[in-house]
Amino acid sequence: MKLQYLGDSKDSFKWDYHDYLLKELGYQVFNIIFMMTPDDISNDGKSHPALFPARKKIIEFCHYLRSGRNIRLLFELPHRTGSDYIVNLHKPEMILTNTNRKIYFSGLAKKQKQFLFLDPDNGFEPKHSNEKHILFSDIVNILEQITEDSVISVFQHFRRVTFQKDFEKIKNKLLNCYSCYSTAIYWNFLMFICLSKSQSSINKVLYANIKYSKLKPTKIIT
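What counts and what doesn't
- Residues numbered from 1 in each chain as written.
- Predicted model: local features only at pLDDT ≥ 70, side-chain atom pairs only at ≥ 80, totals over all residues.
- Heavy atoms only, no water.
- Helix = DSSP H or I, 4+ residues; strand = E, 2+ residues; numbered from the N terminus.
- Expected span 1.5 Å × (residues − 1).
- Buried < 20%, exposed > 50% of the residue type's maximum accessible area, 1.4 Å probe, protein only.
- Arc of directions from axis to C-beta.
- Contact = heavy atoms within 4.5 Å.
- Phe/Tyr/Trp six-rings, centres within 6.5 Å; stacked < 30°, edge-to-face > 60°.
- Lys NZ or Arg CZ within 6 Å of the ring centre and 35° of its normal.
- 1 Å grid on protein atoms, 1.4 Å probe; cavity = no way out; pocket = protein on both sides within 12 Å on 5 of 7 lines; lining within 4 Å.
- Points joined across faces, edges and corners; volume = space filled by probe spheres on them.
- Nonpolar A, V, L, I, M, F, W, Y, C, P; charged D, E, K, R; others polar.
- Core = buried A, V, L, I, M, F, W, Y, C linked by side-chain atoms within 4.5 Å.

Draft legend 1. View of helix α2 (residues 56-68). Across its 13 residues, α2 extends 18 Å between first and last C-alpha, which sits within 8% of the 18 Å expected from 1.5 Å per residue. Along α2, the positions that sit buried rather than exposed are Ile58, Ile59, Phe61, Cys62 and Leu65. Looking straight down α2, one finds that the buried residues subtend no more than 160° of arc, so they occupy a single side. The exposed set on the far side of α2, more than 90 degrees from its buried face, consists of Lys56 and Ser67. Each element contacted by the buried residues of α2 is listed here: α1 (9-25) and α3 (77-81). In the segment just after α2, arginine 69 is the residue with positive phi, at about 50°.

Following this line, the structure appears as structure tokens:
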């Protein structure tokens, strides 16, 4: 995640979908792990939030994020949408590097049912990874800390293979590392992969994804 991405069209999908999911699942804690990296000189992050047909309150919130350029504004998300969950920002001051991953992903609540959102710049690690990716070893580290019924959602950008094929590849690699269940939803060049140690929790996510895809131009993968 980079500050320059705040409030763009991907953010519109991101917050519209996750706010909807939190309410559908009834989770009370939304733990956002931004995986912050420094801004760059690219034009990334300039797309208008209305390119994704999010709810009006989310579009307005994205404009607010874009003007404020402060991740702490995310504390206001549930208040903006009339939701009753709370937002937690995991180590918001820390910039992620390839040398501080173990420290960065430590200290998660071990007894609290929570919904965690991981926001790497690009998504899951390819053959050659860097700080823009979440490593499968990072996922194992997180899963070993959290409760059975907690859910993790991971940002995944399109990478020149269909999302269906990419998800199957990621799913198989996850299973090789840890016994977990997963499903996914995507729009345009962006996919969110949800996983949990609990099959029941993922079934609830899948049901919510089906309902969401009837409201928004998204597709689901099981």
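Draft legend 2. Main features of the packing of aromatic side chains. As enumerated under the stated definition, the model contains 22 aromatic pairs in all. Where phenylalanine 13 meets tryptophan 187, the ring centres are 5.8 Å apart and the plane angle is 70°; that geometry is what we call edge-to-face. Placement of the pair is phenylalanine 13 in helix α1 and tryptophan 187 in strand β7 (residues 181-187), with a sequence separation of 174 residues. What makes phenylalanine 13 buried here is its relative accessible area of 0%. The ring centre of tyrosine 64 lies 4.2 Å from the NZ or CZ of arginine 80, which sits over that ring. Positioned above the aromatic ring of tyrosine 27 is the side chain of lysine 113, whose terminal nitrogen or guanidinium carbon lies 4.4 Å from the ring centre.

Draft legend 3. How the structure looks around the layout of surface pockets. Approximately 290 Å³ is the volume attributed to the largest pocket. Considering the residues around the largest pocket, the lining is formed by 16 residues, among which Tyr5, Asp8, Lys10, Asp44 and His157 are closest to the centre. Residue assignment for the lining of the largest pocket shows that the elements contributing at least two residues are α1 and β6 (151-157). With three residues, the single largest contributor to the lining of the largest pocket is α1. Tallied by class, residues from the lining of the largest pocket come to four nonpolar, four polar and eight charged.

Draft legend 4. Expanded view of the nonpolar core. Counting 42 residues, the largest nonpolar core has Trp15, Phe30 and Leu74 as its most contacted members. Element by element, the count of residues in this core is highest for α1, at seven residues. Every residue in contact with tryptophan 15, bar those within four places of it in the chain, is listed here: Phe30, Ile32, Phe34, Arg55, Ile58, Cys62, Leu65, Leu74, Leu77 and Phe117.

Draft legend 5. Up close: unusual backbone geometry. Residue lysine 91 is not a glycine yet carries a positive backbone phi of 45°. Within the secondary structure layout, lysine 91 lies in the loop between β2 (86-89) and α4 (101-104). Its identity as a non-glycine residue notwithstanding, arginine 160 has a phi of 65°, on the positive side. Examined against the element boundaries, arginine 160 turns out to sit in the loop between β6 and α6 (163-177). Judged by relative accessible area, arginine 160 falls into the exposed class, the value being 83%.

Draft legend 6. Structural context of the environment of phenylalanine 117. Counting through the fold element by element, phenylalanine 117 comes out in strand β3 (residues 115-118). Its relative accessible area of 0% is what places phenylalanine 117 among the buried residues. The spacing of phenylalanine 117 and isoleucine 221 is 104 residues in sequence and 18 Å in space, taken between C-alpha atoms. Not counting residues up to four positions away in its chain, the partners in contact with phenylalanine 117 are Lys14, Trp15, His18, Phe30, Asn31, Ile32, Ile33, Ser153, Phe155 and Phe192.

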